[in-house]
Amino acid sequence: MAISKSMAMALNKQFNEELNSAYLYESMAADFNSKNFHGFAKWMTAQAAEERTHAEKIHVYLTESNERVFHAALPEPQHTWETPLHALLSALAHEEYISKCIHDLVRSSRKEDDIATETFLGWYVTEQIEEEANAQGMIDKLKMIGDDKNGLYQLDKEASKRQ
Ligand SMILES: [Fe+2]
Ligand SMILES: [Fe+2]
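Residues numbered from 1 in each chain as written. Chains lettered and ligands numbered in written order. Predicted model: local features only at pLDDT ≥ 70, side-chain atom pairs only at ≥ 80, totals over all residues. Heavy atoms only, no water.

Draft legend 1. Quick look at the layout of surface pockets. Put simply, the largest pocket is a space of about 240 Å³. Forming the boundary of the largest pocket are Phe37, Thr83, Pro84, Leu85, Leu142, Lys143, Gly146, Asp147, Asp148, Lys149 and Leu152. Elements with a minimum of two residues in the lining of the largest pocket: α3 (84–111), α4 (115–145) and α5 (149–159). Considering only residue class, the lining of the largest pocket consists of 5 nonpolar, 2 polar and 4 charged. (1 Å grid on protein atoms, 1.4 Å probe; cavity = no way out; pocket = protein on both sides within 12 Å on 5 of 7 lines; lining within 4 Å. Points joined across faces, edges and corners; volume = space filled by probe spheres on them. Helix = DSSP H or I, 4+ residues; strand = E, 2+ residues; numbered from the N terminus. Nonpolar A, V, L, I, M, F, W, Y, C, P; charged D, E, K, R; others polar.)

This is the structure in structure tokens:
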């Protein structure tokens with residue numbers, strides 16, 4: 001069963017949102033690298049790579065549904081954040097926005113009785129819980145550390161271990 005044109009367009013929008021997420025996290029990585037937080041930079045680079053796989057999954061789904069993706073222009077991301085905590089708070093806010101986008105897509109698929117797309121989106125619903133938890137986990141640690149330079153150094157080192 002084919003998906004509707006409006007569903008294809010909505011999924012295409014999400015495809016671009018995922019690439020936009022990657023772009024944002026790459027910008028955070030660049031900012032971290034410029035401030036010698038190479039561990040946080042690596043964490044963000046890994047996050048950006050994940051976002052590209054999220055986009056790729058939608059690309060594949062649309063292709064298999066006899067549709068195609070269209071690449072939109074990406075907005076210029078913010079270039080600098082005051083502290084690692086500020087960056088991670090932005091990342092969490094962004095993930096909450098993405099969760100909302102995914103939930104809206106699920107609602108649309110239900111309205112259209114598009115069971116295939118609803119099932120496809122289930123993976124994203126679960127993934128978003130993990131995405132928000134990852135950002136929140138870093139925020140909790142950064143808040144615990146506060147202004148302690150040594151703590152920040154240790155956390156940066158720990159963040160570098162993310163694959
Ligand atoms: Fe994503
Ligand atoms: Fe994400």
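So much for the structure itself; the text now carries on.
Draft legend 2. Region of interest: α5. All buried positions along α5 are accounted for by Gly151, Leu152, Leu155, Asp156 and Ala159. Across the axial projection of α5, the buried residues extend over an arc of 135°, all falling on one side. On the buried face of α5, the contacting elements are α2 (38–64), α3 and α4. (Buried < 20%, exposed > 50% of the residue type's maximum accessible area, 1.4 Å probe, protein only. Arc of directions from axis to C-beta. Contact = heavy atoms within 4.5 Å.)

Draft legend 3. Just the coordination of the iron ion (ligand 2), in detail. In this structure, Glu51 (OE), Glu95 (OE), Glu95 (OE) and Glu131 (OE) serve as the protein donors to the iron ion (ligand 2), at separations of 1.9 to 2.6 Å. On the primary sequence, the residues serving as donors to the iron ion (ligand 2) are separated as E-x43-E-x35-E. Separating the iron ion (ligand 2) and the iron ion (ligand 1) is a distance of 3.2 Å, and Glu51 donates to both of them. Linking Glu51 in helix α2 with Glu95 in helix α3, this pair joins segments that are 44 residues apart in sequence. (Donors = N, O, S within 2.8 Å, 3.2 Å for Na, K, Ca; no water.)

Draft legend 4. Region of interest: the pattern of salt bridges. Under the counting rule described, the total for this entry stands at 9 salt bridges. Two residues, Asp104 and Lys100, come together in a salt bridge whose shortest N-O distance is 3.0 Å. Of this pair, Asp104 and Lys100 both sit in helix α3, 4 residues apart, which is roughly one turn of the helix. Looking at Asp104, the relative accessible area reads 31%, which means it is partly exposed. The exposed category is assigned to Lys100, whose relative accessible area is 51%. Residue Lys141 pairs with Glu158 through a salt bridge whose shortest N-O separation is 3.0 Å. One end of the pair, Lys141, is in helix α4; the other, Glu158, is in helix α5, with 17 residues separating them in the sequence. Judged by its relative accessible area of 41%, Glu158 is partly exposed. (Salt bridge = Lys/Arg side-chain N within 4 Å of Asp/Glu carboxyl O.)

Draft legend 5. Structural detail: the environment of Leu92. If you trace the backbone, Leu92 turns up in helix α3. The exposure class assigned to Leu92 is buried, which follows from its relative accessible area of 10%. Sequence separation between Leu92 and Asn134 is 42 residues, and the spatial gap between their C-alpha atoms is 8.6 Å. Excluding residues that lie within four positions of it along the chain, Leu92 makes contacts with Glu132, Ala135, Gln136 and Ile139.

Draft legend 6. Focus on the environment of Pro75. Tracing the chain through its elements places Pro75 in the loop between α2 and α3. The exposure class assigned to Pro75 is partly exposed, which follows from its relative accessible area of 49%. Separated by 28 residues in the primary sequence, Pro75 and Gln47 place their C-alpha atoms 18 Å from one another. The residues touching Pro75, leaving out its near neighbours within four places in the chain, are Asn20 and Tyr23.

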